[in-house]
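Fold and contact review
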Amino acid sequence: MRDRTLRPARRWLLCALLAVAAMYASPAPGASYTERVKETVLRNGLKLILLEDHKAPVVVFQIYYRVGSRNEALGHTGLSHILEHVMFKGTPTVAPEEYSKIIQRNGGRTNAWTTQDSTTYFASLASDRVGVVIDLEADRMTNLKLTDEVFLPERSVIMEERRLRVDNNPSDALFEQLASTAYAAHTYQFPVIGWMSDIGQATVGDALQHYRTYYIPNNAFIVVVGDFDTTALIKQITDAFGDTPIGPPPPAVRAVEPVQHGERRVELRREAQLPYVAMAYHVPNLNSPAAAALEVLGAILSGGESARLHRELVYRQRLAREAGASYDYTSIDPGLFTAYAQPLPGQSEAAVEAALTRELERAAAEPPTAHELEKAKNGIEADFIFGQDSLFYQAMLLGEYEVASGWRRIDEYLPAVRAVTAADVLRVAQAYLRPTNRTTAVLIPDPPVSGPSAPQAHPHGAIN
């Protein structure tokens with residue numbers, strides 16, 4: 001997996017990892033996270049977020065570094081994702097790529113991902129083997145060994161990854177253009193994978209500087225969920241990480257996106273069989289009272305095949321092969337509410353854009369019906385509660401909220417959603433789904449240069 005590079009992607013990442021999560025499942029508990037989770041902070045600033053669950057002899061270990069494309073600069077984009085890759089290139093005591101082999105020999109599985117806000121490494125393995133991943137992560141937090149011999153080939157791999165997954169993927173390229181146009185001042189405009197020119201000129205020195213700046217215990221936290229004794233695990237982690245030296249606080253991200261005062265538009269011409277249309281609106285995140293209503297609005301528009309966008313554009317009007325919406329609920333800084341649709345063969349991008357616009361205007365003109373509101377809220381609650389069956393999902397949830405605003409905020413989520421009224425949904429739609437707050441991106445297909453090109457359908461613009 002090793003990365004998640006474009007917006008809107010948070011909800012996609014949860015879905016993409018549910019196959020892994022389902023392997024480490026346990027019944028959903030009734031108590032709140034605040035009641036069940038133990039938090040402690042080591043002397044060097046490393047935070048531990050621990051949740052015991054003894055339904056299966058399995059542990060999910062995740063370590064988060066508070067660094068992503070949000071922390072990068074022009075000319076140096078993609079460094080967080082590059083570092084994620086090269087973190088598997090070894091230390092003085094662990095050979096390149098040996099990390100993953102050690103986890104596999106101990107019956108576990110491991111991988112990593114990078115987002116705009118953080119970089120995460122995980123391992124899922126039998127509970128009696130948790131010490132293996134603890135020691136490996138403590139080692140590479142301070143002892144990463146990089147040379148041109150291992151760095152330059154990996155850089156070429158990442159360039160090819162970008163070429164395959166973005167440059168040659170019209171819909172993902174479109175979402176990349178959407179974000180870079182929607183944001184004028186904030187670093188959320190940068191693709192997580194980085195611009196190709198920046199990847200190509202990145203050096204070992206750049207990667208090591210990024211590593212020394214951000215891979216420090218006071219800029220990291222560990223989430224462990226599963227079958228363990230909390231007191232014993234705290235000692236185990238303290239023994240491994242406790243002597244890791246604290247580092248200077250990383251540079252703060254000062255960028256603030258100004259209010260948008262006019263519609264923006266970008267067109268992308270690529271070899272493709274079908275067009276694609278995407279629209280993005282600037283919206284607040286979970287720190288705003290409007291967040292829960294925006295979450296419900298997203299479910300009303302895109303919560304399954306009976307939701308408005310699919311029902312109208314795909315089923316009734318037969319204009320689109322897919323249509324949906326996404327909302328950045330747990331981004332550190334205010335994010336985007338995105339709607340998208342891909343026309344059916346024979347339908348134009350203009351017709352689909354007009355239909356998509358009508359549905360968004362309708363959302364801002366009339367409140368949802370009582371049935372729509374109840375269905376959306378029930379769907380959100382069901383997804384959240386059933387997700388608790390998975391140890392992996394619970395760990396991801398704790399990590400995602402901790403990055404954004406603190407893991408205790410999880411317990412506020414369902415009460416806030418349940419309290420949303422139809423008037424609340426209408427109010428946020430009117431406040432944010434305005435033409436002057438909109439950025440529209442349209443993919444216009446160029447004919448194939450040689451051979452057929454398969455239709456691209458990646459509505460969430462994510463790379464895995």
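Definitions and cut-offs
Residues numbered from 1 in each chain as written. Predicted model: local features only at pLDDT ≥ 70, side-chain atom pairs only at ≥ 80, totals over all residues. Heavy atoms only, no water. Core = buried A, V, L, I, M, F, W, Y, C linked by side-chain atoms within 4.5 Å. Buried < 20%, exposed > 50% of the residue type's maximum accessible area, 1.4 Å probe, protein only. Helix = DSSP H or I, 4+ residues; strand = E, 2+ residues; numbered from the N terminus. Contact = heavy atoms within 4.5 Å. Expected span 1.5 Å × (residues − 1). Polar contact = N/O pair within 3.5 Å; in protein donor to acceptor, adjacent residues only side chain to side chain. Pairing = 2+ DSSP bridges. Axes fitted to C-alpha atoms, helices over the stretch in contact; angles between N-to-C directions.

1. Considerations on the nonpolar core
Among the nonpolar cores identified, the biggest contains 72 residues, and Val-296, Leu-297, Phe-337 and Leu-398 are the most heavily contacted of them. A per-element tally of this core places helix H15 (residues 391–404) first, with 10 residues. Residues within four places of Leu-297 in sequence aside, it is in contact with Phe-337, Ala-363, Val-425, Val-428, Ala-429 and Leu-433. Val-94, Tyr-121, Val-166 and Ile-234 belong to the second largest nonpolar core, which has 70 residues in total.

2. Here we look at unusual backbone geometry
Positive phi outside glycine occurs at Glu-97, with the angle close to 65°. One can find Glu-97 in the loop between helix H3 (79–86) and helix H4 (98–105). Residue Glu-97 is classed as partly exposed on the basis of its relative accessible area of 26%. In this model, Arg-318 sits at a positive phi of 50°, which is unusual for a non-glycine residue. By the secondary structure assignment, Arg-318 is in the loop between helix H12 (308–316) and strand E9 (320–327).

3. Topic: H15
Between the first and last C-alpha of H15 there are 20 Å, a value that for 14 residues agrees with the 20 Å anticipated at 1.5 Å per step. Taken across its 14 residues, H15 has 14 buried, putting it largely inside the fold. For H15, the N-terminal capping position is held by Ser-390, with its side-chain oxygen 3.2 Å away from the main-chain nitrogen of Phe-392. Just downstream of H15, Gly-406 is the residue with a positive phi angle, here 115°.

4. Details of the environment of Leu-391
Mapping Leu-391 onto the fold places it in helix H15. Classification of Leu-391 by relative accessible area gives buried; the value is 1%. C-alpha separation for the pair Leu-391 and Asp-227, spaced 164 residues apart in sequence, amounts to 9.8 Å.

5. A word on the pairing of strand E5 (residues 119–126)
Taken across its eight residues, E5 has seven buried, putting it largely inside the fold. Pairing analysis gives eight bridges linking strand E3 (residues 58–65) to E5, with the strands arranged antiparallel. Across the sheet, Tyr-64 pairs through a bridge with Thr-120, a residue of E5. Pairing of strand E4 (residues 109–114) with E5, which is carried by six bridges, proceeds in the antiparallel orientation. Note that in E5 the partner of Asn-111 across the bridge is Phe-122. Between the end of E4 and the start of E5, which pair antiparallel, lie four residues.

6. Some remarks on the sheet that holds strand E7 (residues 264–271)
Taking strand neighbours across the sheet as the criterion, the five strands line up as E7-E11-E8-E10-E9 in an open arrangement whose pairing is mixed. Only two strands of the sheet have a single neighbouring strand rather than two, namely E7 and E9. Averaged over all adjacent pairs, the angle separating strand axes in this sheet is 15°, with direction ignored. Here seven bridges tie strand E8 (residues 276–283) to strand E10 (residues 335–343), and the two strands are oriented antiparallel to one another. When the bridges of E10 are listed, Ala-280 appears paired with Thr-338. Along the sheet, helix H7 (residues 170–182) contacts E7, E8, E10 and strand E11 (438–446); its crossing angle with E7, the most-contacted strand, is approximately 155°.

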